[in-house]
There are 2 protein chains.
Amino acid sequence: MSAAASQQPLGRRELIVERAAELLARKGIAGTTVREIGDAAGILSGSLYHQFDSKDAIIDVVMSAYLEDLLERYRVVLEQTDDVTATFHGLVLASLRAIDAHPQATLIYQHEVHYFRVTPRYRYVRVAGERVREVWIGALEAAVSEGVFRGDIPARHLYLLLRDGLWLTVRWFRPTAAYAFDELAADCSRLYYQAFASTRTLRALLDQSN
Amino acid sequence: MSAAASQQPLGRRELIVERAAELLARKGIAGTTVREIGDAAGILSGSLYHQFDSKDAIIDVVMSAYLEDLLERYRVVLEQTDDVTATFHGLVLASLRAIDAHPQATLIYQHEVHYFRVTPRYRYVRVAGERVREVWIGALEAAVSEGVFRGDIPARHLYLLLRDGLWLTVRWFRPTAAYAFDELAADCSRLYYQAFASTRTLRALLDQSN
DNA sequence: GTCTATACATAGATAGAC
DNA sequence: GTCTATCTATGTATAGAC
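About the cut-offs
- Residues numbered from 1 in each chain as written.
- Chains lettered and ligands numbered in written order.
- Predicted model: local features only at pLDDT ≥ 70, side-chain atom pairs only at ≥ 80, totals over all residues.
- Heavy atoms only, no water.
- Least-squares fit on C-alpha atoms with pLDDT ≥ 70 in both.
- Contact = heavy atoms within 4.5 Å.
- Phe/Tyr/Trp six-rings, centres within 6.5 Å; stacked < 30°, edge-to-face > 60°.
- Helix = DSSP H or I, 4+ residues; strand = E, 2+ residues; numbered from the N terminus.
- Buried < 20%, exposed > 50% of the residue type's maximum accessible area, 1.4 Å probe, protein only.
- Core = buried A, V, L, I, M, F, W, Y, C linked by side-chain atoms within 4.5 Å.
- Near = heavy atom within 4 Å.
- Polar contact = N/O pair within 3.5 Å; in protein donor to acceptor, adjacent residues only side chain to side chain.
- Nonpolar A, V, L, I, M, F, W, Y, C, P; charged D, E, K, R; others polar.

## Here we look at the relation of the copies chain B and chain A
And then number 1: Overlaying chain B on chain A yields an RMSD of 0.0 Å, the required transformation being a rotation through 180° with an accompanying axial translation of 0.0 Å. A rotation of that kind, with that shift, is consistent with a two-fold axis. Rotation axis and chain B: the residue whose C-alpha lies nearest the axis is Ala195(B), separated from it by 1.9 Å.
And then number 2: The fraction of interface residues of chain B whose copies in chain A are also interface residues reaches 100%, indicating that both copies meet through the same surface.

See below:
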């Protein structure tokens with residue numbers, strides 16, 4: 001369903017952003033030239049500067065749309081549930097939906113950690129990343145303190161192991177008829193839930209499966 | 001303990017490779033210039049070409065040392081055990097040890113997937129990656145068919161979720177007195193073991209914890 | 001084996017015609 | 001709003017002196 005593949009005809013600006021995102025995700029920021037972006041969008045590189053101030057200005061459009069969407073999805077999850085288990089599954093699903101809607105931005109975010117860290121203009125990326133971390137650590141710590149998740153591994157490590165595994169599904173997952181997006185989401189949810197489960201939760205899981 | 005921080009004084013060639021690896025891991029291949037590598041090694045960029053044919057030739061040294069070390073560690077694990085559980089824990093530990101010994105190469109490998117895929121000279125990287133995949137999928141499928149690991153999620157997905165989580169520990173793990181490398185290894189081993197466990201294995205885990 | 005100097009290609013970005 | 005043309009900086013790599 002990939003929301004990135006919108007049905008309506010794209011405006012010039014949207015077309016440039018979409019083609020740029022694809023190149024940036026594949027070849028990296030430093031590895032993508034404005035000439036390539038122009039070629040992919042069917043115009044000369046100089047003409048890009050009529051619509052954007054710089055290469056980074058194009059990247060801004062890609063990244064801010066992604067990060068705003070992700071955080072908005074988290075906001076809805078946090079607002080609608082107060083049960084720690086439901087929150088966990090909700091965050092997994094929200095993350096995968098945002099990744100599915102913005103696969104290129106997800107890849108750029110993963111691959112350009114250093115660039116976003118050292119380039120002043122990308123403060124909003126760092127702030128959003130911090131907020132994502134807060135949401136997850138908060139949710140995981142709540143589950144730990146209620147005895148739903150294990151307390152023997154720091155919540156921060158649970159988060160980081162989940163995040164990199166989950167985010168990088170974008171690098172290998174392609175939906176098929178036999179294994180659709182919803183299957184992936186359900187599998188990830190179950191896998192990490194079992195991984196993070198306290199002994200009490202494991203006991204409940206086993207009772208359920210009998 | 002990081003084996004990368006060898007005690008002996010480095011030769012010129014080794015110094016160049018080490019400094020280059022650090023830059024390549026941080027700024028990416030396209031984002032690192034030969035001038036920067038020269039600066040970091042204390043010589044002019046032109047002088048690099050006395051020892052190496054090209055920038056890629058330096059990358060070769062970094063990547064092949066890493067991949068050979070990783071596969072050698074896997075070979076030892078596979079040779080020394082035939083129990084599926086021991087093999088699993090052995091592979092986790094071997095991976096983390098290789099990552100710990102070659103943190104920069106691990107980062108480069110993770111971030112430059114596309115470059116290694118499309119550049120002909122890096123066939124050995126692709127071959128090694130394929131071998132890593134084979135080893136893991138083989139080990140996981142054996143554990144599934146013995147009923148030790150769950151069969152409801154494709155072994156390939158178990159592998160990919162583990163790989164990206166485990167490999168990218170290099171991006172955030174820094175050993176401290178309170179939480180050393182061995183702790184991380186033990187935590188990762190337990191976490192993914194529980195994640196992958198079949199109901200039978202979970203039952204055994206619970207019995208054990210009583 | 002490193003330096004000076006430089007060749008040659010390509011990078012991001014700009015000016016002005018159309 | 002795109003094109004032609006080009007500026008300037010920087011990229012990898014090389015040649016030859018020391």
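So that's the structure; there's more coming.
## Quick look at the packing of aromatic side chains
Residues and elements named next belong to chain A.
And then number 1: Within the structure shown, the criterion is met by 28 aromatic pairs over all chains.
And then number 2: Taken together, a centroid distance of 6.5 Å and an interplanar angle of 85° make the contact between Tyr-74 and Trp-136 edge-to-face. In this pair, Tyr-74 sits in helix 4 (residues 55-80) while Trp-136 sits in helix 8 (residues 123-145), placing the two residues 62 residues apart along the sequence.
And then number 3: Take Trp-136: its relative accessible area is 1%, and that puts it in the buried class.

## Let's talk about the nonpolar core
And then number 1: Core analysis: the largest hydrophobic core is formed by 140 residues, its most contacted members being Trp136(A) and Trp136(B).
And then number 2: When neighbours within four sequence positions are excluded, Trp136(A) is seen to be in contact with Tyr74(A), Phe88(A), Leu91(A), Val92(A), Ser95(A), Tyr159(A), Leu162(A) and Trp167(A).
And then number 3: Counting residues in hydrophobic clusters, the runner-up holds six residues, among them Leu202(A), Ala197(B), Leu202(B) and Leu206(B).

## A few points about the protein's contact with DNA strand C
And then number 1: The environment of DNA strand C is made up of 14 residues, and the closest members are Thr33(A), Val34(A), Tyr49(A), Lys55(A) and Leu44(B).
And then number 2: Near the protein, within 4 Å, the atoms of DNA strand C are sugar or phosphate in 58% of cases.
And then number 3: Within the side chain of Tyr49(A), an N or O atom sits 2.8 Å from a phosphate oxygen of DNA strand C.
And then number 4: Between DNA strand C and Gln51(B), the relevant distance is 3.5 Å, taken from a phosphate oxygen to a side-chain nitrogen or oxygen of the residue.
And then number 5: Contributing elements (two or more residues each) for the surface near DNA strand C: helix 2 (34-41) and helix 3 (45-51) of chain A together with helix 3 (45-51) of chain B.
And then number 6: The class makeup of the residues in the surface near DNA strand C is four nonpolar, seven polar and three charged.

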